Amino acid sequence: MTADVVVRGGTVVEAGWSGPADVVIASGRVTALAAPGTAPAAATVIDATGRLVMPGGVDPHCHVGFTSGEFTSLDDYRQCTTAAVFGGTTTIVDFAIPRPGENPADVAYAQREKATQGLCDSALHACVVEWDETVPDQLAALVNDGISTVKMFTTYRGETMADEDTVLRTMTELARLGGMVVIHCEADHIVGDAQRRCAAADHIGAANMAATRPDLAETASVAEILAIAEAVEAPVYFVHQSTAEAVELVAAARRRGVRAYSETVAHHLILDDSAYNGTHPERYVCCPPLRSSAQVKALGRHLFTGEVTTIGSDHCCYDTAQKESRATDVRAMPNGLPGVETRLPVIFSEYVVRQNLPATRFVELTSTNPARTNGLYPRKGTLLPGADADIAIWNPTVEWQITSTALHMATDYTPYEGMRITGRPETVLVRGRVVVDQGDLQDPTPGGRHLKSGPVI
Ligand code: DUC
Ligand code: ZN
Ligand code: ZN
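Owing to the predicted nature of the structure, the values given are computational and were not obtained by experimental measurement. (Residues numbered from 1 in each chain as written. Chains lettered and ligands numbered in written order. Predicted model: local features only at pLDDT ≥ 70, side-chain atom pairs only at ≥ 80, totals over all residues. Heavy atoms only, no water.)

1. Regarding the coordination of the zinc ion (ligand 2)
Those donors, Lys 151 (NZ), His 184 (ND1) and His 240 (NE2), are the protein atoms that reach the zinc ion (ligand 2), and they lie 2.1 to 2.6 Å from it. In terms of primary sequence, the donors binding the zinc ion (ligand 2) are separated according to K-x32-H-x55-H. Distance-wise, the zinc ion (ligand 3) is placed 4.2 Å from the zinc ion (ligand 2). One end of the pair, Lys 151, is in strand β13 (residues 149-153); the other, His 240, is in the loop between β15 (236-238) and α8 (244-255), and 89 residues separate them in sequence. The same class applies to Lys 151 as to His 240, namely buried. (Donors = N, O, S within 2.8 Å, 3.2 Å for Na, K, Ca; no water. Helix = DSSP H or I, 4+ residues; strand = E, 2+ residues; numbered from the N terminus. Buried < 20%, exposed > 50% of the residue type's maximum accessible area, 1.4 Å probe, protein only.)

2. Re the domain arrangement of the protein
With domains assigned, the protein is organised as domain 1 (3-54 + 384-396 + 421-441) and domain 2 (56-374). Once you take the C-alpha centre of each, domain 1 and domain 2 turn out to be 30 Å apart. At the junction of the two partners, domain 1 supplies 28 residues and domain 2 supplies 25 residues. Both faces considered, domain 1 and domain 2 share a buried interface measuring about 1,900 Å² in area, 70% of it formed by carbon and sulfur atoms. Broken down residue by residue, the surface that domain 1 buries against domain 2 is led by Ala 15, Trp 394 and Thr 422, which jointly contribute 26%. Counting across the domain 1 and domain 2 interface gives 1 salt bridge. (Domains from an automatic or database assignment. Contact = heavy atoms within 4.5 Å. Buried area = accessible area lost by both parts, 1.4 Å probe. Salt bridge = Lys/Arg side-chain N within 4 Å of Asp/Glu carboxyl O.)

3. Comments concerning empty space enclosed by the protein
Summary: where empty space remains is shown by rolling a probe the size of a single water molecule over the atoms. Applying the stated criterion to the full structure yields 2 cavities of 30 Å³ or more. Lining the largest cavity are Ala 266, His 267, Ser 313, Leu 337, Pro 338, Gly 339, Thr 342, Arg 343, Pro 415 and Tyr 416. For the lining of the largest cavity, the class distribution of residues is 5 nonpolar, 4 polar and 1 charged. Estimated volume of the second largest cavity: approximately 40 Å³. Lining the second largest cavity we find Met 54, Pro 55, Gly 57, Gly 88, Leu 344, Phe 362, Val 363, Thr 366, Ala 392 and Trp 394. Secondary structure elements with two or more residues in the lining of the second largest cavity: β7 (52-55), α13 (359-373) and β18 (391-401). Element by element, the count of residues in the lining of the second largest cavity is highest for α13, at 3 residues. The residue inventory of the lining of the second largest cavity, partitioned by class, reads 7 nonpolar, 3 polar and no charged. (1 Å grid on protein atoms, 1.4 Å probe; cavity = no way out; pocket = protein on both sides within 12 Å on 5 of 7 lines; lining within 4 Å. Points joined across faces, edges and corners; volume = space filled by probe spheres on them. Nonpolar A, V, L, I, M, F, W, Y, C, P; charged D, E, K, R; others polar.)

And the structure:
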């Protein structure tokens, strides 16, 4: 057995097990997990004594240079993936969202070209807003080209909202093709009513964000979409679920045999709506909004119960000036928080270190399951032989504090400013190349590949 790189002396953490092993790498892939001390000689040997050796994170929900309304988030593939690798993430899944008049396939193919600017690999979700007779052919071409997941929205009327008929037809067609709808659920009529009432009371600024998009809007929409998925026997993945009730509806459907999956995102698991009472409420405007602290606690319990499938970031790199420019009316504000770099550290610190979530479950939620739901497993999301050697070597005990100036995202703030964290990825490999070495960028060469997804779970 020959090797280019060996990571030795660490504890390998996979989704289902962990234990001491040396990771043997050749030609960018894992070729063996060897008993400690038995790996062959290699040109590069990385000492991981006292460290956790995990598959690099797979972020299933990441917006790069995302245009919504009049705002475009501020990063490109190079910037976003640089921040990603510093945070231990080695694969991102971006979105290709059509503007009015654009067609889903054209937008996805144009976005796919940007992957080569990345420091790590990426995949894409396409997006369907309106049904017409060309959509089935576009979906067939996209799935054939490895873009198998399609985002849909039940809110943002007049922009990206799809009606129920469009959701049903897209789900049906994708199920036939081996793909899956990934859906943002908030009943737009309930959101619209809440916004009208808030506006009438002159409570429509960033500080009122939570009241403008109530929990019930999410509950109602998830129930409707689950019924459609069940009726047409299609798989469905709910993005950024922000309430325990929404996750529980999906879990109940799964028990009836529906192939339904729950994604949560880091900010809904860490932050609560008290952030809207602070000095910079606009910095926390995201959609769905931050929820009550009781809701955060209830949602977080479902990381332990097994009901949550994945944790993403919903990274959207707006800066304070963009947020402030429309802060008096949330209906015109850019929704979204920067988070591709902080997703793994904040979840590891809060849930693995402080609440004793097993590290194996952390890997399952943040790497293995996102790879599975995007048809990327077992190439990504695992360190089993044959997988790409995308590896995050974590110091599980180091203590540090988050400050935006030390992060690499293309914005001037982080919603976690000042938060004390335990544990961080120190050295990160992308396909066997050391990209981050002990916290320093070692290799900034773009080498990202667009990943074709196979059939989704
Ligand atoms: N949905 C997302 O998934 N991201 C940003 C804003 C939104 O509504
Ligand atoms: Zn969304
Ligand atoms: Zn999003």
